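Reading the structure
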Amino acid sequence: MPADLNPIDKAKFAAAKRAVDFVEDGMKLGLGTGSTAAWMVRCLAERVRDESLRVTCVATSRRTADLAASLGLDVRTLDEVKWLDLTIDGADEFDSNLNLIKGGGAALLQEKIVATASDQMIVIADAAKEVAQLGAFPLPVEVIPFGWRTTKALVEETLVSMDVLGRDVSLRMNGERPLLTDESNHILDLHLKRIGNARQLALVLNQIPGVVENGLFIDICDIVVIGQPDGRVSVRDINTGRVEDDQVPLAPPDNIFADLE
Ligand code: 5RP
């Protein structure tokens, strides 16, 4: 690990490194997207190299697929692999039931498909991602470009009857142009501040024509691994109720990270 990482990145690295311990030889794995997931891909590639593990990977974005392939991981399409043993991904927020907001990196659609096609989903995060109630992070909603303004108006109308604190909706931009996802869709960010009933909101948003998927992951995540900058990690399993505290060595530089130094 590079020595000069900031505390948040050290925490993300610690969570990622611990989560990769769940990987077993022969597994079919979903690889998430984002900065925490990128650490996980690097740690996974290190284990695969050092232990000669045979794992098959499905990425949740072109970015992750490119990184994983560049590190020598076997990356296939979900259609080739069909069902996965485990997906490890980051999150923008998680609550005590391990319900999530995802999509800060605009990859929520593939992320939700891949996580849902997995026996188990592990979320890796720094402690700042834990919230008492979801909604401070703007909720990403993927919409098709055709008629997106109408879809936005329908989303705004829908929010009037929802238990939320804010109702502003913005189109995510990439410089001067609307952002395009890997599926060539747009992202609406819903500035809700507090979501009273995330399950209901997730269902209602997906009824709107033009909405492809929303970034609420309800009852999908099984385990969260929370990292701290000093390498401490906490592993919480929502199914067993078990909580384990652990310490991850913040390892010396290794050539799997050489391009980051
Ligand atoms: C991408 C995501 C990411 O997992 C989420 O945005 C967290 O990112 P990071 O690990 O960089 O904080 O949902 O669509």
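In this report, the structure presented in the accompanying data block is examined. Note that the coordinates shown come from a computational prediction; the quantities given were computed from them, not determined experimentally. By convention here, each chain's residues receive numbers from 1 onward along its written sequence. For a predicted model such as this one, the threshold for reporting local features is a pLDDT of at least 70, and the threshold for listing and counting side-chain atom pairs is 80 or more; totals across whole chains, interfaces and linings nevertheless cover every residue. Excluding hydrogens and water, the side-chain values take into account all heavy atoms of the structure.

The next thing to look at is helix H2 (residues 35–51). The helix and strand labels rest on DSSP assignments: H or I over at least four residues marks a helix, E over at least two residues marks a strand, and numbering proceeds from the N terminus. Given the number of residues in a helix, its expected span is that number minus one, multiplied by 1.5 Å. The end-to-end C-alpha distance of H2 is 24 Å, a good match for the 24 Å that 17 residues give at a rise of 1.5 Å each. Relative accessibility decides the category of a residue: with a 1.4 Å probe and only protein chains considered, values under 20% of the type maximum give buried, values over 50% give exposed, and everything between is partly exposed. Within H2, 12 of the 17 residues are buried, which leaves the element mostly enclosed by the surrounding structure. Of all the positions in H2, only Thr36, Ala37, Trp39, Met40, Val41, Arg42, Cys43, Leu44, Ala45, Glu46, Arg47 and Val48 are classed as buried. Next to the buried residues of H2 lie helix H1 (7–19), strand E1 (28–31), strand E2 (56–59), helix H3 (62–70), strand E4 (84–89) and strand E7 (118–126). Looking one or two residues past H2, Ser52 carries a phi angle of roughly 50°, positive in sign. Residue contacts are defined here by distance: any two heavy atoms, one from each residue, within 4.5 Å place the two residues in contact.

The cutoff for a nearby residue is simple: one of its non-hydrogen atoms must lie within 4 Å of the molecule or strand. Neighbouring the ligand are 17 residues, the closest being Ser35, Thr36, Asp92, Gly103 and Lys129. Within the side chain of Lys102, an N or O atom sits 2.9 Å from an oxygen atom of the ligand. Protein chains bury 91% of the 380 Å² of accessible surface belonging to the ligand in isolation. Polar contacts here mean pairs of N or O atoms no more than 3.5 Å apart (in protein, one a potential hydrogen donor and the other a potential acceptor; neighbouring residues in sequence count only if both atoms are side-chain atoms). Only the protein chains shown count as cover for residues, with accessible areas throughout obtained via the Shrake-Rupley method and a probe of 1.4 Å.

Moving on: the state of the cysteines. Throughout, disulfides are identified as pairs of cysteine sulfur atoms within 2.5 Å of each other. One pass over the structure, following the stated rule, counts zero disulfides. As a non-bridged cysteine, Cys221 has Cys43 as the owner of its nearest cysteine sulfur, 18 Å distant.

All right, on to the environment of Phe22 then. The residue Phe22 is located in the loop between H1 and E1 in this model. Sequence separation of Phe22 and Thr181 is 159 residues, and the distance between their C-alpha atoms is 30 Å. The contacts of Phe22, once residues within four sequence positions are left out, are Met27, Leu86, Ile122, Ile223, Val225 and Val235.

With that out of the way, let us pick up empty space enclosed by the protein. Only protein atoms enter the 1 Å grid used here, on which a cavity is any set of points holding a 1.4 Å probe that cannot leave and a pocket is any open set flanked by protein within 12 Å on both sides along at least five of seven lines; residues with an atom within 4 Å of a point are listed as lining. Grid points are joined across faces, edges and corners, and a volume is the space filled by probe spheres set on the points. All chains considered together, the criterion is met by one cavity of 30 Å³ or more. Quantified by volume, the largest cavity comes out at close to 50 Å³. Thr60, Ser61, Arg63, Ala106, Ala107, Leu109, Gln110, Glu142, Thr181, Asp182 and Glu183 together form the lining of the largest cavity. Its residues assigned to classes, the lining of the largest cavity comprises three nonpolar, four polar and four charged. Source of the domain bounds: an automatic or database domain assignment. Each of domain 1 (7–130 + 219–260) and domain 2 (139–213) accounts for three or more of the residues forming the lining of the largest cavity. Charged means Asp, Glu, Lys or Arg here, nonpolar means Ala, Val, Leu, Ile, Met, Phe, Trp, Tyr, Cys or Pro, and polar covers whatever is left, Gly included.

Relative to the helices and strands, Arg18 is located in helix H1. Excluding anything up to four places from it in sequence, Arg18 contacts Val225, Val233, Val235, Glu244, Asp246 and Val248.

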